Amino acid sequence: MAGIVEKLTRRKVVDFGHSELRRVLGILDLTMLGVGSTIGVGIYVLAGEVSRSTSGPAVTISFLIAAIASLFAGLCYAEFGARVPKAGSAYIYTYVCIGEFVAFIVGWNLILEYVIGTASVARGFSQYVDALANDSIENAFYNAMPLVSEDKYYDSFLSPYPDFLSFGLALVLSVTLALGVKESSTMNNIFTGINIIVILFVIIAAGTQANTYYWSIPEDEVEEVCNVTASDPGANEDWGTGGFVPFGFEGVMEGAATCFFGFVGFDVIATTGEEALNPSRTIPISIGLSLFIIFLSYFGVSAVITLAVPYCLQDKDAPLVVLFDEENIGWPAAKWFVSIGALFGFSASLFGAMFPLPRVIYAMASDGLVFRSLSSISKKFQTPTLATALSGLFAGLMAMLFNLDALVNMMSIGTLMAYTIVAVCVMLLRYTDNEFNDDKSEYTLLSSSYRVDDDEEEAGGKIMSTLTGESSHSASEYVNQFFNTKRLSKPTDLTASLVTYAILSFCALMLVFDVLLVTLGSKLAEGNGWAIAAIVIVGALNILNVLIIALQPQSQKQLSFKVPLVPWLPAFSTFINLYLMCNLKVDTWIRFAVWMAIGFVMYFGYGVGNSSIEYQMQGKKPPASNPLVENIGTIFDSDSEEEILYSQLNSD
């Protein structure tokens, strides 16, 4: 058992030497990448859809809650970007901190997030174009080759028809990305700039038509205002109780879980660790700037459209375009301006959604956890060409065959899982000392926290000894250290081990707490004593766990960015992420379980035996990713312009 756990928890030593990717992206490039990847579908589709059927005018609150969850996650990503500026995002962070198996789970979830993110944006792009063409594309393909019966048109997770337009968009984008990161990044900057101009226009134009009555429609006037007709067979005839929160608190939280999708994308910045100039500085700054711009955009647009048009009359496919129709604001010229801007916005969002996918696959393939051939780099373009092509094909097929709603929910669960693990990793690393090796080129956890003794090879870490019950400390030592009465100022094996136990306990209890909140929500509203007692007890145990962690000594390592209020802020981020996951539908969890089952087959059938660490432990050299690119590491010598520039930036 100890041997199995050792394999699952073995950690990666990060090498900050030469990179095979081009290091050319600055703060502007990274910020535009984060913004462009995020405010596409969310702005042009999601705001209207959520306000119409889930949250009403309180969609602004839903976006605020989702923004807070994303902000906390963004801070955690920013610290890891400063610690470990390598390609792979949360995958590589987890590999350094927790171990191989959890890192694979995170990487596999990131693949799910980015594949479905690309597919959903391509699908949204296609539906938007179809809405501008009066649904002529949908009608033609559904009549020619329907995938679902008419009675399941609105309920099936499959697309009603094969969407060849979205499939083609994904393939074209994959070719563009393969041609070079700087060239495609410049195109993204232009598209994102146009998108921001259009969003500002919508906020100003629709703001001039604001009517506060639409945020306070009396319940007895809802039917009259919403004007429900039988001509729309897909219309939701339950428009709630009117007012600002027509669907209640549950509607606001359900909307927040969906709106969270609108913020997914900023973490693309964290995947550029080997392509960003001075990544320890530029990645944290870019994440902060992009989240600020994204929140202002979502909040502003969702506020003005629900003030200009009643929530129940929002169009679910193209709300910003329909906003300027004759029966609404009545500015037909503005309608076409917004339509053109939306196409640029979708293009930028599509680019940002696919950009990180081949890089995560490249990182996992380089470590041998998925097929090594996927880590091959083009000598001419210096991009992971094979991984990019596979990404485009896979995402295109998903976009062609699946419904947009099913795609969004699937993406949210994978993203929330990754965000949760990153938040936990921040707590673990803060309370476990760490160091660079003598030449400052490699980064590991402190030797004493992952070696059994100085003469043995890497053994998998404090987490391994915790899981297998191998500990040199007695229960009384742990109890005495609960409140750090000795006032230790630096982490020790005892404090690191205690924090590990406390975090494991916190994660389990927080999951129970969130499940209780979701399942007992109606009983809590009714004031049920047993429900309140259960919530209070589990909540108190969670607070006690975090308090014990907070009293332990933290690492004194200096970083260009650190998450404030550790462990409270990462703990709150974990709470929000798990709560949003618990609000997702059962069907989403079933599809997620199928995806994870496929991943476990990949890891235990291929990854365990082909891991680079496995080869190192056996004293063997890992095989080359591809015979054609075996010497790819010689692309950049020590005197290349990129390396000189990067070293100068670091020294500055």
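See the structure shown above.
Residues numbered from 1 in each chain as written. Predicted model: local features only at pLDDT ≥ 70, side-chain atom pairs only at ≥ 80, totals over all residues. Heavy atoms only, no water.

A few points about the overall build of the protein chain
Item 1. Each helix and strand in the protein chain was counted, giving 26 helices and three strands.
Item 2. Within the protein chain, the fraction of its 652 residues that count as buried is 57%.
Item 3. Of the contacts formed within the protein chain by residues at least 6 apart in sequence, a portion of 80% connects residues at least 24 apart.
Item 4. Carbon together with sulfur atoms contributes 63% to the accessible area of the protein chain, which is approximately 26100 Å² in total. (Helix = DSSP H or I, 4+ residues; strand = E, 2+ residues; numbered from the N terminus. Buried < 20%, exposed > 50% of the residue type's maximum accessible area, 1.4 Å probe, protein only. Contact = heavy atoms within 4.5 Å. Areas by Shrake-Rupley, 256 points an atom, 1.4 Å probe, with all protein chains shown as cover.)

Let's talk about unusual backbone geometry
Item 1. A cis amide bond links V566 with the next residue in sequence, P567, at an omega value of 10°.
Item 2. Turning to its location among the elements, P567 is positioned in the loop between α22 (529–550) and α23 (568–582).
Item 3. Despite not being glycine, R487 shows a phi value in the positive range, around 55°.
Item 4. Using a relative accessible area of 63% as the deciding quantity, one classes R487 as exposed.
Item 5. Positive phi is not limited to glycine here, since L565 has a value of about 55°.

Description of helix α16 (residues 385–401)
Item 1. Here α16 contains 17 residues, and its C-alpha end-to-end distance of 25 Å stays within 8% of the 24 Å for a straight helix at 1.5 Å per residue.
Item 2. Among the residues making up α16, those that are buried are A387, T388, S391, G392, A395, G396, M398, A399 and M400. (Expected span 1.5 Å × (residues − 1).)

Focus on the nonpolar core
Item 1. Core analysis: the largest hydrophobic core is formed by 157 residues, its most contacted members being Y44, Y77, Y91, L110, I111, L323 and V338.
Item 2. When residues of this core are assigned to their parent elements, the largest contribution, 17 residues, is made by helix α6 (residues 100–132).
Item 3. Ranked by size, the runner-up nonpolar core spans nine residues in total, among them Y214, C226, F247 and C312. (Core = buried A, V, L, I, M, F, W, Y, C linked by side-chain atoms within 4.5 Å.)

Quick notes on the state of the cysteines
Item 1. Summed over all chains, the structure comprises one disulfide.
Item 2. Each disulfide pairs two cysteine sulfurs, and for C226 the partner residue is C312, the sulfurs being separated by 2.0 Å. In this structure, the disulfide formed by C226 and C312 twists by about -95° around the S-S bond and is classed as left-handed. Of this pair, C226 sits in helix α10 (residues 222–226) while C312 sits in the loop between α12 (279–308) and α13 (319–322), and the two are 86 residues apart along the sequence. Pair check on accessibility: C226 and C312 agree, each one buried.
Item 3. Left unpaired, C76 is separated from the closest cysteine sulfur, that of C425, by 9.6 Å.
Item 4. What makes C76 buried here is its relative accessible area of 0%. (Disulfide = S-S within 2.5 Å.)

A word on the side chain of T94
Item 1. Mapped onto the secondary structure, T94 falls in helix α5 (residues 90–97).
Item 2. Residues within four places of T94 in sequence aside, it is in contact with G99, V102, A103, V106, I421 and C425.

Some remarks on the side chain of S51
Item 1. Mapped onto the fold, S51 is located in helix α3 (residues 41–55).
Item 2. A polar contact is formed between the side chain of S51 and the backbone oxygen of A47, at a distance of 3.0 Å.
Item 3. Only 3.0 Å separates the side chain of S51 from the backbone oxygen of G48, close enough to count as a polar contact.
Item 4. Ignoring any residue separated from it by four or fewer positions in sequence, one finds S51 in contact with G56, V59, F247, T306, Y311 and Q314. (Polar contact = N/O pair within 3.5 Å; in protein donor to acceptor, adjacent residues only side chain to side chain.)

Observations regarding the pattern of salt bridges
Item 1. Counted under the stated rule, the structure contains four salt bridges.
Item 2. Where E100 meets R10, a salt bridge forms, and the shortest distance between an N and an O atom there is 3.1 Å. Of the two residues, E100 sits in helix α6 while R10 sits in the loop between α1 (2–9) and β1 (14–15), which places them 90 residues apart along the sequence. R10 shares its class with E100; the two are buried.
Item 3. Here R10 makes a salt bridge to E614, at a shortest N to O gap of 2.6 Å. Here R10 is found in the loop between α1 and β1, whereas its partner E614 is found in helix α25 (residues 612–617), with 604 residues between them in sequence. The same class applies to R10 and to E614, which are both buried. (Salt bridge = Lys/Arg side-chain N within 4 Å of Asp/Glu carboxyl O.)

A short note on the environment of E138
Item 1. The residue E138 is located in helix α7 (residues 136–144) in this model.
Item 2. On the basis of relative accessibility, which here comes to 18%, the residue E138 falls in the buried class.
Item 3. A C-alpha to C-alpha distance of 8.5 Å links E138 and P160, two positions 22 residues apart in sequence.

Some remarks on the packing of helix α4 (residues 59–83) against α12
Item 1. Between α4 and α12, whose axes approach to 9 Å, the crossing angle comes to 175°. Between α4 and α12, the crossing angle belongs to the class labelled roughly antiparallel. Across the interface between the two elements, V59, T60, F63, L64, A67, S70, L71, G74, Y77, A78, G81 and A82 of α4 pack against P279, S280, I283, P284, I287, L291, F295, Y298, F299, S302, A303 and T306 of α12.
Item 2. In the contact of α4 with α12, the residues fall into 17 nonpolar, seven polar and no charged. (Axes fitted to C-alpha atoms, helices over the stretch in contact; angles between N-to-C directions. Parallel < 35°, antiparallel > 145°, perpendicular 65-115°, else oblique. Nonpolar A, V, L, I, M, F, W, Y, C, P; charged D, E, K, R; others polar.)

Description of the packing of aromatic side chains
Item 1. Tallied over the entire structure, the rule returns 31 aromatic pairs.
Item 2. Seen in terms of ring centroids, F125 and F346 are 5.5 Å apart; in terms of plane orientation they differ by 45°. Their pairing is tilted. Taken as a pair, F125 in helix α6 and F346 in helix α14 (residues 332–354) lie far apart in primary sequence, 221 residues in all.
Item 3. Taking the relative accessible area as the measure of exposure, F125 reaches 10% and is therefore buried.
Item 4. Here F394 and W595 contribute two aromatic rings whose centre-to-centre distance is 6.4 Å and whose plane-to-plane angle is 25°, an arrangement assigned as stacked. Note that F394 is positioned in helix α16 and W595 in helix α24 (residues 586–610), a separation of 201 residues in sequence.
Item 5. F394 sits in the partly exposed class, given a relative accessible area of 33%.
Item 6. Among the aromatic residues, those joined into a cluster by ring pairs are F101, F104, W108, F394, W595, F600, Y603 and F604.
Item 7. It is R123 that lies over the ring of Y161; its NZ or CZ is 5.4 Å from the centre.
Item 8. Here the guanidinium or amino end of K335 rests over the ring plane of W336, the centre of that ring lying 5.9 Å away. (Phe/Tyr/Trp six-rings, centres within 6.5 Å; stacked < 30°, edge-to-face > 60°. Lys NZ or Arg CZ within 6 Å of the ring centre and 35° of its normal.)

Interpretation note: all reported values are geometric properties and have no functional meaning in isolation.
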